[in-house]
Amino acid sequence: MNADRITVEELVYQTCTALDRNDYPEFLGLCDKQFEYKVTTFSPEIRKDMTWLDHNRAEMEELFHTLPKHNSDHAPLTRNAVVYKVSYDEGKKQANVVTALQIFRTSLDGGATQLFAVGKYYDTVSLDSEKPILMKRHVKLDTRDLGWGNHIPF
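A brief structural summary. (Residues numbered from 1 in each chain as written. Predicted model: local features only at pLDDT ≥ 70, side-chain atom pairs only at ≥ 80, totals over all residues. Heavy atoms only, no water.)

Some details on the nonpolar core
1) Next: If you look at the biggest cluster of nonpolar residues, it comprises 36 residues, and the most contacted ones within it are Phe-27, Tyr-37, Phe-64, Val-97, Val-139 and Phe-154.
2) Next: Mapped by element, the contributors of at least two residues to this core are helix H1 (2-20), helix H2 (24-29), strand E1 (31-43), helix H3 (57-66), strand E3 (77-89), strand E4 (94-106), strand E5 (113-126) and strand E6 (133-141).
3) Next: Element by element, the count of residues in this core is highest for H1, at 6 residues. (Core = buried A, V, L, I, M, F, W, Y, C linked by side-chain atoms within 4.5 Å. Buried < 20%, exposed > 50% of the residue type's maximum accessible area, 1.4 Å probe, protein only. Helix = DSSP H or I, 4+ residues; strand = E, 2+ residues; numbered from the N terminus.)

See below:
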């Protein structure tokens, strides 16, 4: 299973580099046709999870298509991901992956880089074809204040 772990890790890292480059077609090319994407964070004030985004593949495609129309912060984001755990479900031909995530933002005005968000990816990866493909991504953020104009998925 070592080779499988390496290819699963590479898939996670490829999704990050595609998003770092704002290459949304490449990102979607790494995703299953039934892809699901969710962003949540826990709020201690209301003592429950808040769902910030919950999209299927078609909704993600539409989001990517409309990004140029949003009033967005265009400062580049850089994702630093470290795969913590890959567990396999042989019967379903899937891997469940937990990845630590730090996102850095570099200001366009002056070039200062700061930590923007911290959280984890909880991914479900299909191992049913020639190469791994992302079926589900649940981004659980620890960070709850992202400021304005942040529409780009993590």
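Structure's up, so let's keep going.
Remarks on the sheet that holds E6
1) Next: Strand order in the open sheet formed by 6 strands is E2-E1-E6-E5-E4-E3, with mixed pairing between adjacent strands. What marks the edges here is a single partner per strand, and that holds for strand E2 (48-56) and E3. Averaged over all pairs of adjacent strands, the angle between strand axes in this sheet comes to 20°, irrespective of strand direction.
2) Next: Where E4 and E5 come together, 13 bridges link them in antiparallel fashion. When the bridges of E5 are listed, Thr-106 appears paired with Thr-113.
3) Next: The strands that H3 touches are E1 and E2; relative to E2, the one it contacts most, it runs at about 85°. (Pairing = 2+ DSSP bridges. Axes fitted to C-alpha atoms, helices over the stretch in contact; angles between N-to-C directions. Contact = heavy atoms within 4.5 Å.)

Remarks on the side chain of Thr-124
1) Next: Checked against the element boundaries, Thr-124 lands in strand E5.
2) Next: For Thr-124, a relative accessible area of 14% puts it in the buried group.
3) Next: The residues contacting Thr-124, other than those within four sequence positions of it, are Gln-94, Ala-95, Asn-96, Ile-133, Leu-134, Met-135 and Lys-136.

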